[in-house]
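# Architecture at a glance
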Amino acid sequence: MKIATNQYFLKLGRHLADQQADIATLQAKLATGDTMVTPGSEPRIAARSLELNSIIEKQQGFLDNLSRLDGRLMQEESVVTTMRTLVTRMQELTIRAASDTYADSDRAAIAVELRGYRDEILALANTTDPDGNYLFAGIRNSTQPFVEDANGVVVYQGDQTPTRIDVDLGHSLRINTTRDDVLPDLVRDADDPESRSRASVFRVFDDLIAAVASSDGAGTRLGLDELDKVASGIDRYTVDIGLRRGIVETKTDITTDRKLAMTNLLARERELDYATAVTELSSHMLSLEAAQSTIAKISQLTLFNYLR
Amino acid sequence: MTDLLSIGASSTQLYRVALSTVSNNIANLNNEAYSRQETAVSDNAPARIGAFALGTGARLDAIRRNYDRFVENALRQSNSALQLQQPLIEYTKRIVDLIAAEEGSLTNAVDRFFSSVNRLELDPSSVSSRNELLASGQFLTGRMRGLADELADMERETASLVRDQVDSINTLAKSLLEVNRQLDRVASLQKQPSQLLDQRDKLLRELSAFAAISVSENANGSVQVRLAGAATRGLLVDSVSARVLDMEFGESEGARQGFVLDKYGAPSYLGKLQEGSLAGLVTLRDDLLEPMAEALDFLAVTLVSAGNAEHRAGLDLDNQLGTDMFSLVPRYSLRDTAGDVASGLQARSLASDADPVSLVLTFLGEGSWLVTDSVTGDQRLAREETQRGQRLLGLGPVEVEVLGPQSVGASVVLRADSRPAQVMAMAITDPRLIAAAGRLGVRQDPDNASRLEVALSYGESAVARPPLPGISLEYMQKRNLVTPLLVNTSSPVVSIPRGLESFSIGFMAPLSGTMNLHVVSDTFARLASSGAPSAIGSPPAPWATAVAGTGRYGDYRMTEGALNQSYPGTELFIGARATGALETERLPAPAVAASFSAGDLLLNGQALDALSLPQDAANMPAVVAAWLNAKSGQTGVIATADNVIRVASSQLMLDRPLVINGTTIAAASRADTLALNINAADTGVRAFVDTEGYLHLTNKPGEEGKQIKLGDPPKAGTNALGMPDGYYNGTLSLQAVIFAGGVPVPNPGGDIRFTLGTNGIPSDLTRIGLATTVSGSNGTAQDLHVYLTGSVDTIDARLQAGALAPPPPRAIEAPLRIDFSTDSGELRYTLTDITSGTVLHKARFDFDEGIVFGDVRVRFGRAPQAGDSFDIVPNLDALGDNSNLRRFAALENATLFRGQTLRAFYVNEVDKVGTASQLAEMSAAAGEIVYNENVEKRAAVAGVNLDQEAADLIRFQQAFQAAAQVIQVSTRLFDAILGVR
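None of the values given here were measured: they were computed from a predicted structure. (Residues numbered from 1 in each chain as written. Chains lettered and ligands numbered in written order. Predicted model: local features only at pLDDT ≥ 70, side-chain atom pairs only at ≥ 80, totals over all residues. Heavy atoms only, no water.)

## Remarks on the overall build of chain B
Helix and strand counts for chain B stand at 15 helices and 56 strands. In terms of overall size, chain B is more extended than a compact globule, its C-alpha atoms giving a radius of gyration of 47 Å where 981 residues would be expected to give roughly 30 Å. With the C-alpha coordinates aligned to their principal axes, the bounding extent of chain B is approximately 175 × 95 × 65 Å. The burial tally for chain B puts 49% of its 981 residues in the buried class. Only carbon and sulfur atoms are counted for the fraction: they give 53% of the accessible area of chain B, which is about 44,700 Å². Taking the 84 positively charged and 111 negatively charged side chains of chain B as two groups, their mean positions are separated by 5 Å. (Helix = DSSP H or I, 4+ residues; strand = E, 2+ residues; numbered from the N terminus. Rg over C-alpha atoms; globule rule 2.2 N^0.38 Å. Buried < 20%, exposed > 50% of the residue type's maximum accessible area, 1.4 Å probe, protein only. Areas by Shrake-Rupley, 256 points an atom, 1.4 Å probe, with all protein chains shown as cover. Lys, Arg positive; Asp, Glu negative; His and termini not counted. Charge placed at Lys NZ, Arg CZ, Asp CG, Glu CD.)

## Thoughts on the interface of chain A and chain B
Taken together, the contact pairs 53 residues of chain A with 63 residues of chain B. Note on chain A versus chain B: buried area summed over both sides is about 4,800 Å², and carbon and sulfur give 51% of it. The largest contributions to the chain A side of the interface with chain B come from A:Lys2, A:Leu50 and A:Ile139, which together make up 14% of the buried area. At the boundary of chain A with chain B, the tally comes to 9 salt bridges. Two residues, A:Arg198 and B:Asp447, come together in a salt bridge whose shortest N-O distance is 3.1 Å. Secondary-structure elements contributing two or more residues to the side of chain A that touches chain B are α1 (5-32), α2 (43-98) and β3 (164-168) of chain A. Looking at the side of chain A that touches chain B, the element that brings in the most residues is α2(A), giving 12 residues. Considering only residue class, the side of chain A that touches chain B consists of 19 nonpolar, 17 polar and 17 charged. (Contact = heavy atoms within 4.5 Å. Buried area = accessible area lost by both parts, 1.4 Å probe. Salt bridge = Lys/Arg side-chain N within 4 Å of Asp/Glu carboxyl O. Nonpolar A, V, L, I, M, F, W, Y, C, P; charged D, E, K, R; others polar.)

## Topic: a negative patch on the surface
A cluster of acidic residues, A:Asp18, A:Asp22, A:Glu280 and B:Glu928, forms a negative patch on the protein surface. Take A:Asp22: it is sitting in helix α1. On the accessibility criterion, A:Asp22 (36% relative accessible area) is partly exposed. (Patch = residues over 30% accessible without salt bridge, like charges linked within 9 Å, V, L, I, M, F, W, Y side chains within 5 Å.)

## A look at a nonpolar patch on the surface
Residue and element names in this part refer to chain B. On the surface, a nonpolar cluster with roughly 280 Å² of combined accessible area is contributed by Leu4, Val966, Val969 and Leu973. Examining the composition of the nonpolar patch, we find that 3 residues originate from one element, helix α15 (residues 946-978), more than from any other. Note on placement: Leu973 falls in helix α15.

## Structural notes on the packing of helix α6 (residues 277-312) of chain B against helix α14 (residues 902-942) of chain B
Residues and elements named next belong to chain B. The contact between α6 and α14 brings their axes to 11 Å, and the two run at 175°. The angle between α6 and α14 falls in the class roughly antiparallel. Where α6 abuts α14, its residues Leu288, Pro291, Met292, Ala295, Leu296, Phe298, Leu299 and Leu303 lie against Leu902, Phe905, Tyr906, Glu909, Val913 and Ala916. Residues that form the contact of α6 with α14 fall into these classes: 13 nonpolar, no polar and 1 charged. (Axes fitted to C-alpha atoms, helices over the stretch in contact; angles between N-to-C directions. Parallel < 35°, antiparallel > 145°, perpendicular 65-115°, else oblique.)

## Focus: the pairing of strand β52 (residues 826-833) of chain B
Residue and element names in this part refer to chain B. With 8 of 8 residues buried, β52 is to be regarded as a mostly interior element. As defined by bridge partners, strand β51 (residues 816-823) adjoins β52 across 8 bridges and the pair is classed as antiparallel. By the bridge assignment for β52, Leu816 is matched with Asp833. Where β51 folds back on β52, the antiparallel hairpin that results is connected by 2 residues, among which Ser824 adopts a positive phi of roughly 50°. Pairing between β52 and strand β53 (residues 839-844): 5 bridges, direction antiparallel. Within the sheet, the bridge partner assigned to Thr832 lies in β53 and is Val839. A loop of 5 residues connects β52 with β53, the two strands running antiparallel in sequence, and Gly837 in this loop sits at a positive phi of about 80°. (Pairing = 2+ DSSP bridges.)

## Describing empty space enclosed by the protein
Residue and element names in this part refer to chain B. Tallied over the entire structure, the rule returns 6 cavities of 30 Å³ or more. Put simply, the largest cavity is a space of about 60 Å³. Looking at the largest cavity, it is lined by 13 residues, and the ones nearest its centre are Leu315, Asp316, Ala437, Ala878 and Leu879. A per-class count over the lining of the largest cavity returns 7 nonpolar, 2 polar and 4 charged. (1 Å grid on protein atoms, 1.4 Å probe; cavity = no way out; pocket = protein on both sides within 12 Å on 5 of 7 lines; lining within 4 Å. Points joined across faces, edges and corners; volume = space filled by probe spheres on them.)

## Notes on the packing of helix α3 (residues 106-122) of chain B against helix α4 (residues 127-183) of chain B
All names here are of chain B. Interaxial distance between α3 and α4 falls to 9 Å at its minimum, and their mutual angle equals 165°. The pairing of α3 with α4 is recorded here as roughly antiparallel in orientation. Relative to α4, α3 is oriented so that their crossing is left-handed. Side by side, α3 and α4 meet where Leu106, Ala109, Val110, Arg112, Phe113, Ser116, Val117, Arg119 and Leu120 of the first sit next to Ser129, Arg130, Glu132, Leu133, Ser136, Gly137, Phe139, Leu140, Arg143, Met144 and Leu147 of the second. Here the residues of the contact of α3 with α4 are counted per class, giving 11 nonpolar, 4 polar and 5 charged. (Left-handed = near helix turned anticlockwise from the far one by under 90°.)

## Details of unusual backbone geometry
Residues and elements named next belong to chain B. For Asn319, which is not glycine, the phi dihedral falls at a positive 60°. For Asn319, the location among the structural elements is in the loop between β11 (314-315) and β12 (326-328). The phi angle at Arg898 is positive, at roughly 50°, despite the residue not being glycine. Its place among the elements puts Arg898 in the loop between α13 (883-889) and α14.

## Notes on the sheet that holds strand β8 (residues 245-248) of chain B
Residues and elements named next belong to chain B. Sheet architecture is open: 3 strands sit in the order β8-β9-β10, paired in antiparallel fashion. The two strands at the open ends of the sheet, each matched to only one other strand, are β8 and β10 (268-271). Taking the axes of each pair of neighbouring strands and ignoring which way they run, one obtains an average angle of 35° across the sheet. Bridging between β8 and strand β9 (residues 258-261) involves 4 bridges; their strand directions are antiparallel. Within β9, the residue paired with Glu248 across the bridge is Gly258.

## Thoughts on the pattern of salt bridges
If you walk through the whole model with that rule in mind, you get 72 salt bridges over all chains. A:Arg179 serves as the salt-bridge partner of A:Asp185, at 3.4 Å between the closest nitrogen and oxygen. In the salt-bridge network here, residues are joined through shared partners; they are A:Arg179, A:Asp180, A:Asp185, A:Arg198, B:Asp447 and B:Arg451.

## Thoughts on the confidence of the model for chain A
For chain A, per-residue confidence averages 91 on the pLDDT scale, and residues scoring 70 or more make up 100% of the total. Within chain A, helix α6 (residues 217-270) of chain A carries the highest mean pLDDT (94), whereas strand β5 (residues 186-188) of chain A carries the lowest (87). (pLDDT = per-residue confidence, 0-100.)

## Brief notes about the packing of aromatic side chains
Across all of its chains, the model carries 20 aromatic pairs over all chains by this definition. Measuring from centroid to centroid gives 5.6 Å for A:Phe146 and A:Phe202, while their planes differ by 55°, and the two rings are tilted. Of this pair, A:Phe146 sits in strand β1 (residues 146-148) while A:Phe202 sits in helix α5 (residues 201-213), placing them 56 residues apart in sequence. For A:Phe146, a relative accessible area of 3% gives the class buried. With 6.4 Å between their ring centres and 90° between their planes, B:Tyr829 and B:Phe845 make a pair best called edge-to-face. Taken together, the residues B:Tyr829 in strand β52 and B:Phe845 in the loop between β53 and β54 (851-853) connect sequence positions 16 residues apart. No difference in accessibility class separates B:Tyr829 from B:Phe845, as the two residues are buried. Three or more aromatic residues joined by ring pairs form one cluster here, namely B:Phe820, B:Tyr829, B:Phe845, B:Phe860 and B:Phe870. (Phe/Tyr/Trp six-rings, centres within 6.5 Å; stacked < 30°, edge-to-face > 60°.)

## Quick notes on the sheet that holds strand β48 (residues 772-777) of chain B
All names here are of chain B. Taken together, 8 strands build an open sheet; the order of strands is β26-β50-β28-β48-β31-β47-β34-β35 and the sheet is antiparallel. Of all strands in the sheet, those bounded by a partner on one side alone are β26 (481-486) and β35 (606-607). Sheet analysis places strand β31 (residues 571-579) next to strand β47 (residues 751-756), joined by 4 bridges and oriented antiparallel. Each bridged residue has a counterpart across the sheet, and for Arg577 the counterpart in β47 is Arg753.

## Quick notes on the environment of B:Leu88
All names here are of chain B. Inspection of the secondary structure puts Leu88 in helix α2 (residues 69-99). According to the relative accessible area criterion, Leu88 is buried, its value standing at 12%. With 828 residues separating them along the chain, Leu88 and Ala916 place their C-alpha atoms 7.9 Å apart. The residues touching Leu88, leaving out its near neighbours within four places in the chain, are Gly280, Leu284, Leu288 and Ala920.

## Quick notes on the confidence of the model for chain B
All names here are of chain B. A residue-level look at chain B finds 92% of positions with pLDDT of 70 or above and a mean pLDDT of 84. In the model of chain B, helix α8 (residues 562-566) stands out as the element of lowest mean pLDDT, 46, in contrast to α4, which has the highest, 95. Overall, residues 533-565 carries pLDDT values under 50, and its contacts beyond four positions in sequence, including any with other chains, amount to 64 contacts. The ipTM value of the predicted complex is 0.89, and its pTM value is 0.76.

Given below as structure tokens:
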């Protein structure tokens, strides 16, 4: 079959151009270390990258939330531990006040000390987090939850609604705390429907202080029992915090692992295999050289050279 | 001539031509369009010399053009196939680069947005986190707009490319026409100049790049070119004319754009083109660009409406209900009739959720405009208003500002020229307006048995269930519907949608057998019934035991006013009622003796006495009327027995016989004559024709209500009245009256209300010609359902429906209390409005369904106990509540987008375009191989090879030299002759 001269050159030129284009692409890949030079050149990898990047972002967001949650729990833990210590002190003082060896004047002094602890616990109950939100106010966390009214009675102005945050798809964790969690009301005379009533923790404190101040033995002993219940409540909540921190830690580990797995998947898709790429580049360059030299040689073969 | 000289001379000429042909070939070495020419030499006709034929040399036969028609055809076809892919490759790469870029993709922006939502969940009152959410929202909407704008740019670019290519085709066709005309001057292909043929082939090749063509060659080389479309092949060019190619733009949804030849003459519609870059562009636009743009629009519209719905359910920092978070405000353009931008006018969109309008505005002068709706054709006048020095024309959701003078009579077209994705924006700029808190909160009574998880969800929108399967509410509202209903215990026969302001459903209870109807709510609260229901099938609801002593069901039974308190805006009535006057149906003839006990039926609350119904139907109406009238002093209703047969003149069949009550009536040719004949005969019936031409038959005075017998029943037949022969029983005419001085005076506003007493049954009403109707209004938050029970299979029902009340304006609900109690072993709940103490709703508690009121659904983590109480209160000052934010965040993974999440949907679109891109590349790679092969084949036939030309050069040069030698020899021979002395 005859080959037209200009056709011949055009074909060779096309081959050269193709080789050079391939080499240029490989160079770009080698320079960036990425198999996907532009999304248009590798649409399938581009689509996968979008998905994986999205998931990785999401995991990071969850990790951020988990760490914030842990921080908050840590702060609550420390506040609650302090409260417990104070209640223990109050228990010790009350035991002393209940004993007959003390005089009325001593009891008055104990009452003053008890009052001091009660005030400290009140202050702790109104602790705020670093953003200025009250820790134990439920969802109404911009208003001080425990407020003393004109008569010195502590009133709870917060709310009982739990708040949750998302830490995973379909998985949310409780973030806030309400009064019922840490300082729940006590029920007095639970068995007698007539005189059954609820008393807040601070009411319990105030009643105890009054009983101690007035050397009311029965009242003091009742107050001691109630202090026990308050202490158990705080202990229960401390355990709860511990459990929650445990869950947060586990969840953090799981999410970190998942993020790592996704990152590896993405790397596998995108990272260039340098060995293969360099080998390919060498082979393309070899072809290019061969083509160039053959063109140079063969193009000189023409009959006209011999027509002299 | 056989002599040496002439042979030599002609040979040199010949070989000079051959040499110049060869040099021509060499000169055109790099001319793509050139076909190699070669000289065809043939010998001259021999001369007969005696017995011999001597050759006379050679001549140039033709300058043959190396041309293979089949190879050319194959080349053109493979070119069309290859060019088809090129636009696809180029633009799909661009699209994927656009939508899948790491930073610029929509998924990246969505991720950032929902990340900021999640971060705000931690501290909903933080202004800085709120600002971050707004910023990421701006980024998201900005990306959406950016992507949509870029796609719109591509759309414009490709549209203009299409126009350019169509123009190119038309230009090439015109050039080809010229070439054809020139070719037509010569009759034979051999004699055609090669250059012309080369030009022809070049034009054809260029054409084939744009569209697949089929070429048929005539004997003289001129061609007919056809474009291959989907529908037909249209002639583009022949020797006579070149038809113009045009686009057809489908204006409506169904009409796709296509190509048409000779649009304004004798059009041939090609539909889509088969191959070539033009077809590639059209495929790109129709199958990739447009769907991608539509997908973005769908994403934008769905995200905006779902996002706004969630946001509106919450409360912002100032205790106000959330407003829209996103907006889709269309961009309007004003263009004059030529399609250019109208001068001196500016349009502004006012409402973000109204449907875009399309209007034609015609200036009438002096600030008046004629506004024509482009869709409906409605017209109205509008006047400019001057506000703050601006001339403004208010047109509903759009406002036009008149900036410059307008010419009277000139029209401009006002249209929305933006796609939804191009105008998606944030509607909120103030961080305080982000509605993070849920609208309502739950306060659990500390005395409850245990603390439960209570979840509130919003958006229980009333999707109006059709009242009857297959029959829409609109249909029922427009006409009185009469339809048979199947009596069954497992599903309701009619549903009354919530918010329906009036309805009435009437059943003609059977005389033999039983029928009862019951009205229940969605949550199976039994509201009313006409009798004791037998076991209702699934869904099973254990009915309360009969209210003691009444034998009747219904804890929450409607008694006068009692239910109104529990269900404000709701009224249910079972019985038969009218205002002012009521006409009964024809009283049925009892098959067996029947009677009422005292108190079975009540009229206007008054118990009616006992009554033994006469066995014959003839006198029934009179008896019943007398019975009713016995109590007219207390009931305020007077009954008159009556019997009317009313026939339109057009219905009369005067050639038939007429027998009334056994007496034959003389035939008549006209209605009024017939009436006279009837009156003349002694039948107990008198007749007259009214002003509208209706013929009336009624009883003679004193015989009101008596049965009228037509013909000779039970023999069937049709009489002169055009009515079937038979017994026509009387009716009752009831009228509400007030007694003024002992004299009854009609009371047009008076009530006529029949209800069922303790032992009354619906068929009692039927006996006195009344249908048992359930009517009223459904102002509850639930649909009401009517069940029919009884011993019959089907019953005819007459249905009527009024208007559906508009949804109430948005407001935070008033505080409610939910109390739980047990009754007869099942858990019930009571909804009480705390402020007024009104009991709103009592029903059986279904754990899976929860409790629904308004558009709120309350669900519990565990079943509550009897005695538990929950308050649902507005969530005011709940700055730490993030429940609405969490609902909003759930949109990220909601499968709202044709069954997929937002991310999956978007990535799917990217995949679609990516797949198309790869497919196009593979097809192009294959196509290129075929094309290159064809190019080489053609080059093999028509291309110039330098070596071959060089050889020919030598050959012809030698031949020329030899021929020159021949001349020299002949010269010498001649010299020899001349030298002879």
